Protein chains: 2
Amino acid sequence: MPEQFHIVPEAAHNALIAAAYRHRGFHADEAADGARFCAEAARHGIRTHNGIKALHLDHLFGSGSRGCVPGARIEEIPSRFAAAKIWNANKKLGPSTAYRAMDEAMRLADQYGVGTVSVDNAFHYLWGGGYVMDAAKKGYLAYTNCTAALAEVVPFGGKFPTLGTNPHSWGFPTTDAIGYPIIIDWATSVVAMGRVQQLKREGKPLPPLAAVDQDGQPTTDPHRAVSLLPFGAHKGYGLSLINELVGGFVGGSLPTIRNRWDRAEGDKGTCVFFFQVIHPDAINGGAFAKGRDQKQNVKAVLADILGHGNSGAMLPGQLEAGWARHTATAGGLLFSAAEIAAFNELATEAGQPLWDAAAFRTVTI
Amino acid sequence: MPEQFHIVPEAAHNALIAAAYRHRGFHADEAADGARFCAEAARHGIRTHNGIKALHLDHLFGSGSRGCVPGARIEEIPSRFAAAKIWNANKKLGPSTAYRAMDEAMRLADQYGVGTVSVDNAFHYLWGGGYVMDAAKKGYLAYTNCTAALAEVVPFGGKFPTLGTNPHSWGFPTTDAIGYPIIIDWATSVVAMGRVQQLKREGKPLPPLAAVDQDGQPTTDPHRAVSLLPFGAHKGYGLSLINELVGGFVGGSLPTIRNRWDRAEGDKGTCVFFFQVIHPDAINGGAFAKGRDQKQNVKAVLADILGHGNSGAMLPGQLEAGWARHTATAGGLLFSAAEIAAFNELATEAGQPLWDAAAFRTVTI
């Protein structure tokens, strides 16, 4: 169903988000990183992780709790390995940490072909797709995973939530081939807890095998749902476990105390990030069929996958690229009336002038 | 339901498998690699990819077709990147190629922290879990993916099969923590085509959303099923796409002509392998809670995940470790009567003495 959006100049959006971060004590460079990240989320239609969510999460788990420390400095842990860096983020703002880590992984990939950056004591980076998209637009194959804030997901065959919604994000440099980077980016639960709450408000059922009740039994009733299930049974469970394992090897402690500061006393409640970048030349065998170069070959492979009557299939990242086109055409970031109202709550908190919704042009999409 | 197995001495099994490979023209070192791989599959209860399947696939797609060349030599493609190797396998036997590639990736990880080996013109490596398990037992975090032999899977939202069953395999060095390596290893389709054929024979329905009919409509009738669906809707589709993309960047051509040699004339019909190894020290932040070291920390994380009443949950790799214990206890590899008969077909083909099932001790599991 078409929806009306207000067209907010990107500079106005970024000024408000930066002011909101500074009001919470973040330094100017962190506030700028946060604003950059939130603009990218909005540009690509990531409405679940835009500026409103970013500052809400900061309140719940970040500078408003014990998960994030404004002005924190990242320390590099000494390592004997040239292509793999290890950082202690000291609870620095997630987007500031993640942009820096992905930049470093790209630098390592330029030098060694592949590079990893593992980050201990990290704070929520919101939308992993944004960081792999940045690297993919710059020409790299990029990957990130993280341990999600809270253990809300029940292991396959279990009853009690001991896993995060642990997302994975992959980005591929396909802009030359198809006009935008392929971004594969999702949580390992069927739905997010926010979706359970939304369906509860709307009186609608959950999809099957998305949540369990307090006895660990699957339920489609959002009023009875207390924990989430991984997607794809043992396969999604395995994917969620990967983030907990990588987290455990890097420095994360027990999933069930993560961001539960009342239980993490004398223990460790922080998240872990993992980033990896591969230079496309480092996997280029140079022997493509039909005289193609690497980009032409990837384009031909994708055309084959979406050919043969598969016009109903989409590529991951296609919706995000579509939103970026809407945004560019409109000449500003697109927000609903409800979102404008939420931004004005942030403006009030930060002592900034309110946005006048009526002053923005609108577009219906 | 308990099943009776014949206990076949590993040396007898390996001698038969090696003889069967040599009979097909493979060199002694390739035959030994093949026998080693098939023994590992049998040891860990991977009955879908044991020696019977290995030599059947070689007949269908390998030395019996145009997919595999006995005695082929692997060439290293020159690269400016120290931590990333690129090989042209020239259609060498899959296990020979994969063991060498994983060994090289471990060597790179020892030196740089992380290493990748991309392999063009590869032939079916059968069970990716076997190679990551080998690396995980040696102490590394390992990963592999490959493009599967045939395009049998329909992209999410599409109708025609243009993707392989494209598996992913991850191995984690958790033996010190829990007694065995965690091995996350599966195809990105809900089921394999072999399962469809099995259910057709048995007159049983397919699981929902596992296959489509000739019009691309989902069906649970194995008689109407012509193509497979990815698991987990767009999520499994994205995971399958990763293998095709990596394959396309390395050197693989169109998925729909892969191993279809009648259509690949003047084009390229081979598979691609990708291997990656990370040294655990290269992601060790060194700041584990409660004075734990890295292994103790991973153990504590896993205990938390399987605690809290989650005794019904298992870890990926647990079943394989259980089979390895059964095998060790029995003192030989375990095969059903039907499997013994299939091995005897290989013995007949290779001019080897037949196995006398009655001469083997048995065990019921």
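Details of the structure are given in the entry above.
Cut-off values and rules
Residues numbered from 1 in each chain as written. Chains lettered and ligands numbered in written order. Predicted model: local features only at pLDDT ≥ 70, side-chain atom pairs only at ≥ 80, totals over all residues. Heavy atoms only, no water. Helix = DSSP H or I, 4+ residues; strand = E, 2+ residues; numbered from the N terminus. Rg over C-alpha atoms; globule rule 2.2 N^0.38 Å. Buried < 20%, exposed > 50% of the residue type's maximum accessible area, 1.4 Å probe, protein only. Areas by Shrake-Rupley, 256 points an atom, 1.4 Å probe, with all protein chains shown as cover. Lys, Arg positive; Asp, Glu negative; His and termini not counted. Charge placed at Lys NZ, Arg CZ, Asp CG, Glu CD. Axes fitted to C-alpha atoms, helices over the stretch in contact; angles between N-to-C directions. Parallel < 35°, antiparallel > 145°, perpendicular 65-115°, else oblique. Left-handed = near helix turned anticlockwise from the far one by under 90°. Contact = heavy atoms within 4.5 Å. Nonpolar A, V, L, I, M, F, W, Y, C, P; charged D, E, K, R; others polar. Buried area = accessible area lost by both parts, 1.4 Å probe. Salt bridge = Lys/Arg side-chain N within 4 Å of Asp/Glu carboxyl O. Polar contact = N/O pair within 3.5 Å; in protein donor to acceptor, adjacent residues only side chain to side chain. Least-squares fit on C-alpha atoms with pLDDT ≥ 70 in both. Phe/Tyr/Trp six-rings, centres within 6.5 Å; stacked < 30°, edge-to-face > 60°. Lys NZ or Arg CZ within 6 Å of the ring centre and 35° of its normal. Arc of directions from axis to C-beta. Pairing = 2+ DSSP bridges. Core = buried A, V, L, I, M, F, W, Y, C linked by side-chain atoms within 4.5 Å.

**Student:** I tried to follow the overall build of chain A on my own but got confused; where do I start?
**Tutor:** Helix and strand counts for chain A stand at eleven helices and 13 strands. The C-alpha radius of gyration computed for chain A amounts to 21 Å, which stays within 12% of the reference 21 Å derived for 365 residues, consistent with globular compactness. Principal-axis analysis of the C-alpha atoms gives chain A an extent of 60 × 50 × 45 Å. Buried positions account for 62% of the 365 residues belonging to chain A. With the model as given, the accessible surface of chain A reaches about 13,600 Å², and the carbon-plus-sulfur share is 53%. Of the side chains in chain A, 33 bear a positive and 33 a negative charge, and the two mean positions are spaced by 2 Å.

**Student:** Would you mind showing me how to read the packing of helix α1 (residues 10–23) of chain B against helix α11 (residues 337–350) of chain B here?
**Tutor:** How two helices sit against one another is set out by the angle between their axes and by the gap between those axes. Residue and element names in this part refer to chain B. The interhelical angle for the contact between α1 and α11, taken along N-to-C directions, is 45°, at an axis separation of 9 Å. Overall, the two elements α1 and α11 adopt an arrangement that is oblique. Judged by the twist between their axes, the crossing of α1 over α11 is left-handed. In contact with His-13, Leu-16, Ile-17, Ala-19, Ala-20 and His-23 of α1, α11 contributes Phe-343, Leu-346, Ala-347, Glu-349 and Ala-350. Broken down by class, the residue content of the contact of α1 with α11 amounts to eight nonpolar, two polar and one charged.

**Student:** How do you make sense of the interface of chain B and chain A when you look at a structure like this?
**Tutor:** Accessible area lost during the coming together of the parts is what is often quoted as the interface size. In this assembly, 95 residues from chain B lie in contact with 95 residues from chain A. Between chain B and chain A lies a buried interface of about 7,100 Å² when both sides are counted; carbon and sulfur atoms form 67% of it. The largest per-residue losses of area from chain B upon contact with chain A belong to B:Phe81, B:Lys235 and B:Phe249, which jointly make up 11% of the total buried on that side. Note that B:Arg80 and A:Asp281 form a salt bridge whose closest N and O atoms lie 3.0 Å from each other. Taken together, the connections running from chain B to chain A amount to 35 residue pairs in polar contact (both at pLDDT 80 or more). Listed by contribution, the elements that provide at least two residues to the side of chain B that touches chain A are β3 (84–88), α4 (94–112), β4 (114–122), β6 (168–172), β7 (182–186), α8 (233–250), β10 (271–278) and α9 (294–306) of chain B. The biggest single contributor to the side of chain B that touches chain A is α8(B), with 14 residues. Residue composition of the side of chain B that touches chain A, by class: 51 nonpolar, 31 polar and 13 charged.

**Student:** How do you make sense of the relation of the copies chain B and chain A when you look at a structure like this?
**Tutor:** Two chain copies, one operation linking them: a rotation about an axis together with a shift along it. For the pair chain B and chain A, the relating rotation is 180°, the translation along its axis is 0.0 Å, and the fit reaches an RMSD of 0.0 Å. Classification of the inter-copy transformation places it as that of a two-fold axis. Residue B:Gly232 of chain B places its C-alpha closer to the rotation axis than any other residue of that unit, at 2.5 Å. Looking at chain B, 100% of its interface residues are interface residues in chain A too, so the copies touch through the same face.

**Student:** Mind showing me how you'd approach the packing of aromatic side chains here?
**Tutor:** For any pair of aromatic rings, the description rests on two quantities: the centre-to-centre distance and the angle between the ring planes. Overall, the coordinates contain 34 aromatic pairs over all chains when judged by the stated rule. On the numbers, 5.4 Å between centres and 85° between planes, the contact of B:Tyr21 with B:Phe26 is edge-to-face. Across the pair, B:Phe26 and B:Tyr21 agree in class, each one buried. Note on B:Tyr125 and B:Tyr131: the rings are 5.2 Å apart at their centroids and 55° apart in plane angle, and the pair reads as tilted. Considered together, B:Tyr125 and B:Tyr131 belong to a single accessibility category, that of buried residues. Ring-pair connections join several aromatic residues into one group, and the members of that group are A:Tyr143, A:Trp170, A:Trp186, A:Phe231, A:Phe274, B:Tyr143, B:Trp170, B:Trp186, B:Phe231 and B:Phe274. In this structure, A:Lys91 is placed above the aromatic ring of A:Trp261, and the distance from its NZ or CZ to the ring centre is 4.4 Å.

**Student:** Even after reading the chapter, I still don't get helix α7 (residues 193–202) of chain B, so can you show me in this structure?
**Tutor:** Given 3.6 residues to a turn, an α-helix orients residues that are three or four positions apart in the same direction. Residue and element names in this part refer to chain B. Of the residues making up α7, those classed as buried are Met-193, Val-196 and Leu-199. In a view along the axis of α7, the buried residues occupy a sector of 120°, so they form one face of it. Its buried side turned inward, α7 meets β9 (227–228). Following α7 by one or two positions, Gly-203 adopts a phi angle in the positive range, close to 65°.

**Student:** Would you take a moment to explain the sheet that holds strand β7 (residues 182–186) of chain A for this structure?
**Tutor:** Two modes of strand pairing occur in sheets, parallel and antiparallel, and in both the strands are linked by backbone hydrogen bonds. All names here are of chain A. Spatially, β2-β3-β4-β11-β5-β6-β7 is the arrangement adopted by the seven strands of the open sheet, whose pairing is mixed. Whereas interior strands pair on both sides, the edge strands pair on one side only; in this sheet they are β2 (75–77) and β7. For this sheet, the mean angle separating the axes of adjacent strands, direction not counted, is 15°. Bridge analysis of strand β6 (residues 168–172) against β7 gives five bridges, and the strand direction is antiparallel. Bridge assignment links Ser-169 to a residue of β7, and that residue is Asp-185.

**Student:** Help me out: how do you make sense of the pattern of salt bridges in this one?
**Tutor:** When the charged atoms of two side chains with opposite charge come close together, those side chains can pair. Residue and element names in this part refer to chain A. Considering all chains together, one arrives at 40 salt bridges over all chains under this definition. Across the pair Asp-33 and Arg-100 runs a salt bridge whose closest N-O atoms are separated by 3.1 Å. Here Asp-33, found in helix α2 (residues 28–43), pairs with Arg-100, found in helix α4 (residues 94–112); they are 67 residues apart in sequence, far enough to count as distant. Looking at Asp-33, the relative accessible area reads 15%, which means it is buried. Among the residues examined, Arg-100 registers a relative accessible area of 31% and is labelled partly exposed. Each of Glu-3, Arg-47 and Glu-339 takes part in a single network of salt bridges with overlapping partners.

**Student:** Can you walk me through the nonpolar core in this structure?
**Tutor:** Within soluble globular proteins, side chains that are nonpolar generally end up buried alongside one another. If you look at the biggest cluster of nonpolar residues, it comprises 205 residues, and the most contacted ones within it are A:Phe172 and B:Phe172. The residues contacting B:Phe172, other than those within four sequence positions of it, are A:Ile242, A:Leu245, A:Val246, A:Phe249, B:Ala136, B:Tyr140, B:Leu141, B:Pro181, B:Ile182 and B:Ile184.

**Student:** Help me understand the sheet that holds strand β8 (residues 211–212) of chain A, please; the structure alone is not making it clear to me.
**Tutor:** All names here are of chain A. Reading across from one edge, β9-β8-β10 is the order of the three strands in this open sheet, with antiparallel pairing throughout. Of all the strands in the sheet, the pair left with one neighbour each is β9 (218–219) and β10 (227–228). Pairing analysis gives two bridges linking β8 to β10, with the strands arranged antiparallel. Note on β10: the bridge partner recorded for Ala-211 is Leu-228.

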